[in-house]
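Spelled out, the chains give:
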Amino acid sequence: METAGAATPPTQPPATHPAVAPLAFLLGKWRGEGEGSFPAISSFRYGEELLFSHHPSKPVISYTQKTWKAASGEPMHAESGYWRPRPDGSVEVVIAQSTGLAEVQKGSYDAETKTVTLQSELVGNASKVKQITRAFQVTDGELSYVVQMATITASLQPHLKALLKKI
Ligand code: HEM
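Here is a short report on the structure shown in this document. (Residues numbered from 1 in each chain as written. Predicted model: local features only at pLDDT ≥ 70, side-chain atom pairs only at ≥ 80, totals over all residues. Heavy atoms only, no water.)

## A look at the overall build of the protein chain
Counting its secondary structure elements, the protein chain contains zero helices and ten strands. Sequence-ordered secondary structure for the protein chain, helices as α and strands as β, is β-β-β-β-β-β-β-β-β-β. For the protein chain, the spread of C-alpha atoms along the principal axes amounts to about 75 × 35 × 25 Å. For the protein chain, buried positions account for 35% of its 167 residues. Taking the contacts inside the protein chain whose residues are at least 6 apart along the sequence as the reference set, 37% of them involve residues at least 24 apart. (Helix = DSSP H or I, 4+ residues; strand = E, 2+ residues; numbered from the N terminus. Buried < 20%, exposed > 50% of the residue type's maximum accessible area, 1.4 Å probe, protein only. Contact = heavy atoms within 4.5 Å.)

The following block contains the structure:
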């Protein structure tokens, strides 16, 4: 007779908050390289680390990013913020950049295709930047993204493209 299995199951907290679960494909630490460009600037290569972390009791993902010059390792841009996925497939993100610029982004995610697309609703404390879009995709365990921006002198176009691996 199997009585042992009838005992009360252990009450373990879920590994991921239900609100965060559809974006679990982002969670973890990613490292890779990117390329930056824009009209009137010299294109550049950079190294990058992204960390998407969360606590199972909170419906939010903490996000930190840091970059460095690919050739020398000297620090470049950094940013951090919070991602709040909603059950309806929308997501809102706030990001503070090391340059002083602040972003409120809204967009959507698709857990099946492992994609997130964001458009700026607010760009604050920026002298040139009018609009920012960000598109992320996880394919075969690699995270790629494109960041586009519009400025006072240039229409919406890519500034950054990168490919990162989970570490
Ligand atoms: C240039 C914004 C992310 C490195 C610029 C410019 C703007 C800008 C407005 C000047 C463009 C112009 O003069 O027409 C942003 C925004 C970012 C971002 C809004 C994030 C959403 C990054 C990152 C890096 C970076 C992650 C480094 C990895 C550079 C460099 C230049 C530049 C090297 C050229 C500077 C120069 O030649 O004076 N960026 N940037 N940016 N950005 Fe970014």
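## Side note on the nonpolar core
Across soluble globular proteins, nonpolar side chains have a tendency to be buried as a group. Counting 32 residues, the largest nonpolar core has Leu-23, Phe-52, Trp-83 and Val-116 as the members making the most contacts within it. Secondary-structure elements contributing two or more residues to this core are strand S2 (44-53), strand S3 (61-69), strand S5 (90-97), strand S7 (115-124), strand S8 (129-139), strand S9 (142-151) and strand S10 (157-166). (Core = buried A, V, L, I, M, F, W, Y, C linked by side-chain atoms within 4.5 Å.)

## Observations concerning the side chain of Thr-151
Mapped onto the elements, Thr-151 comes out in strand S9. Those residues in contact with Thr-151 that sit more than four places away from it in its chain are Phe-38, Lys-128, Val-129 and Lys-130.

## A short note on the coordination of the iron atom of the ligand
Within the protein, a single donor atom binds the iron atom of the ligand, namely His-159 (NE2) at 2.2 Å. Within the secondary structure, His-159 sits in strand S10. (Donors = N, O, S within 2.8 Å, 3.2 Å for Na, K, Ca; no water.)

## A look at the site of the ligand
Looking at the ligand, there are 17 residues lining it, with Phe-44, Gln-97, Lys-128, Arg-134 and His-159 nearest. Residue Lys-128 places a side-chain N or O atom 2.9 Å away from an oxygen atom belonging to the ligand. Between the ligand and the protein, one listed contact pairs a nitrogen atom with a side-chain N or O atom of His-159 at 3.0 Å. Here the shell around the ligand gets three residues from one element, more than from any other, and that element is S8. (Near = heavy atom within 4 Å. Polar contact = N/O pair within 3.5 Å; in protein donor to acceptor, adjacent residues only side chain to side chain.)

## What about unusual backbone geometry?
Of note, the phi angle at Ala-40 is positive, near 75°, even though the residue is not glycine. Its location among the elements puts Ala-40 in the loop between strand S1 (28-36) and S2. The exposed category is assigned to Ala-40, whose relative accessible area is 88%. Positive phi, normally seen in glycine, also occurs at Asp-140, with a value near 50°.

## A look at the pattern of salt bridges
Evaluated as defined, the whole model comprises ten salt bridges. The salt bridge involving Glu-121 is made with Lys-106; its shortest N-O contact spans 3.4 Å. One end of the pair, Glu-121, is in strand S7; the other, Lys-106, is in strand S6 (residues 102-110), with 15 residues separating them in the sequence. Of the residues examined, Lys-106 reaches a relative accessible area of 34% and is grouped as partly exposed. Across the pair Glu-142 and Lys-165 runs a salt bridge, and its minimum N-O distance is 2.4 Å. Of this pair, Glu-142 sits in strand S9 while Lys-165 is found in strand S10, placing the two residues 23 residues apart along the sequence. Among the residues examined, Lys-165 registers a relative accessible area of 48% and is labelled partly exposed. Among the ionic contacts, a cluster of salt bridges with common partners joins Lys-29, Arg-31 and Glu-49. (Salt bridge = Lys/Arg side-chain N within 4 Å of Asp/Glu carboxyl O.)

These results come straight from atomic positions and should not be treated as a statement about function.
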